[in-house]
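Listed here are the chains, written in short residue letters.
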Amino acid sequence: MIPLDLGRIQEILRIALDEDLGSGDVTSSATIPPEAQAVARYTTKQPLVVSGLPVVEQLARMVDSTLKFRYLSNDGDSVNEGFPLAELNGSARSILAAERVTLNILQRMCGIATQTSAFVRRVAGTKAKVIDTRKTVPGLRLLDKYAVACGGATNHRMGLYDAVLIKNNHLAFHSTLTESVNMARHSIAGTFQIEVEVSNLMQLEEAIRAGADVVLLDNFSVELTQQAVAQCRGRVPLESSGGITLDNIRGYAEAGVDRISVGALTHSVQAADIHLRVTPS
């Protein structure tokens, strides 16, 4: 699991709070005495995998450093409907000021972790690892990928800066796939792993012979993937990508690929159903 570097996301959290709070919560200021205290509990209304509690704690403290945050579960836990995830104690106004932003973050991250866990369970017993993609919400990539890890999958590259992935739009500038791999190899001097996307079995063989470290099988059917695995004979790791769903991922895993990238883990996830119940104390 990638570490959750709260320092790197401070600006993101600040923007999220400013977007919602602006100059202040006028409703709470108008209806709740400033001295009022409360206890608030985040509770899930569905079975889920927990992710994002340290972010919620950080957000709450950014609203009011005197708020007390108590963990009732931990990131990575699988919990049932009705399970309490965490608790806030302190100023009622501050708790309500933090309510929506903390819920938005927690619901998204738990949704990603829960969806990811479902994909991971589908490939259980095979050698295939489920991995994520760069199809994340702009600005939230660290949180999205952390949530994927909480769900039991593996993080792929964080961005364009930490791995080489030669795709069809890169190949358009070369006469052959081999030429593109050779250029990349000489340019990076072995610093990065080189992955190459291929669209047919002929390209697969060329990528292997060119020295690719990993080959991505782009939008191969399960049947074509089986042929690719047989042709590859374990010479390089193979990754399936494109059109992967909960219904078909098992077929790709059983075909024998080493990893399966799934954009749906992050690009179209459904937020988890979590509520925050506030009680005067």
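No experiment lies behind these values; they were computed from the predicted model shown.

### Points about the sheet that holds strand β5 (residues 84-91)
Here four strands make up an open sheet; going across it, the order is β3-β5-β1-β12 and the pairing antiparallel. Edge positions in the sheet fall to β3 (68-71) and β12 (274-280), since each of these pairs with one other strand and no more. Neighbour-to-neighbour, the strand axes of this sheet turn through a mean angle of 15 degrees, independent of strand direction. For strand β1 (residues 37-44) and β5, the ladder comprises seven bridges, and the chain directions are antiparallel. By the bridge assignment for β5, T43 is matched with P84. The strands touched by helix α3 (residues 53-63) within the sheet are β1, β3 and β5, with β3 carrying the most contacts at an inclination of about 170 degrees.

### Digging into the nonpolar core
One finds V215 and I260 to be the most contacted residues of the largest nonpolar core, which totals 60 residues. With sequence-adjacent residues up to four places away left out, V215 is seen in contact with V196, V198, L204, A207, I208, V236, P237, L238 and E239. Among the nonpolar cores identified, the runner-up in size contains 24 residues, and Y42, A60, A86 and L106 belong to it.

### Section: the sheet that holds strand β6 (residues 129-131)
The parallel open sheet is built from six strands, whose spatial order is β6-β11-β10-β9-β8-β7. A strand with exactly one partner marks an edge of an open sheet, and here the two such strands are β6 and β7 (164-166). Going across the sheet, the axis of each strand differs from the next one's by a mean of 25 degrees, ignoring polarity. Note that strand β9 (residues 214-218) and strand β10 (residues 238-241) share four bridges and pair parallel. Within β10, the residue paired with D218 across the bridge is S241. Each of β7 and β8 (194-198) is contacted by helix α7 (residues 177-188), which is oriented at about 165 degrees to β8, the strand it contacts most.

Basis of the calculations
Residues numbered from 1 in each chain as written. Predicted model: local features only at pLDDT ≥ 70, side-chain atom pairs only at ≥ 80, totals over all residues. Heavy atoms only, no water. Pairing = 2+ DSSP bridges. Helix = DSSP H or I, 4+ residues; strand = E, 2+ residues; numbered from the N terminus. Axes fitted to C-alpha atoms, helices over the stretch in contact; angles between N-to-C directions. Contact = heavy atoms within 4.5 Å. Core = buried A, V, L, I, M, F, W, Y, C linked by side-chain atoms within 4.5 Å. Buried < 20%, exposed > 50% of the residue type's maximum accessible area, 1.4 Å probe, protein only.

By themselves these figures say nothing about function.
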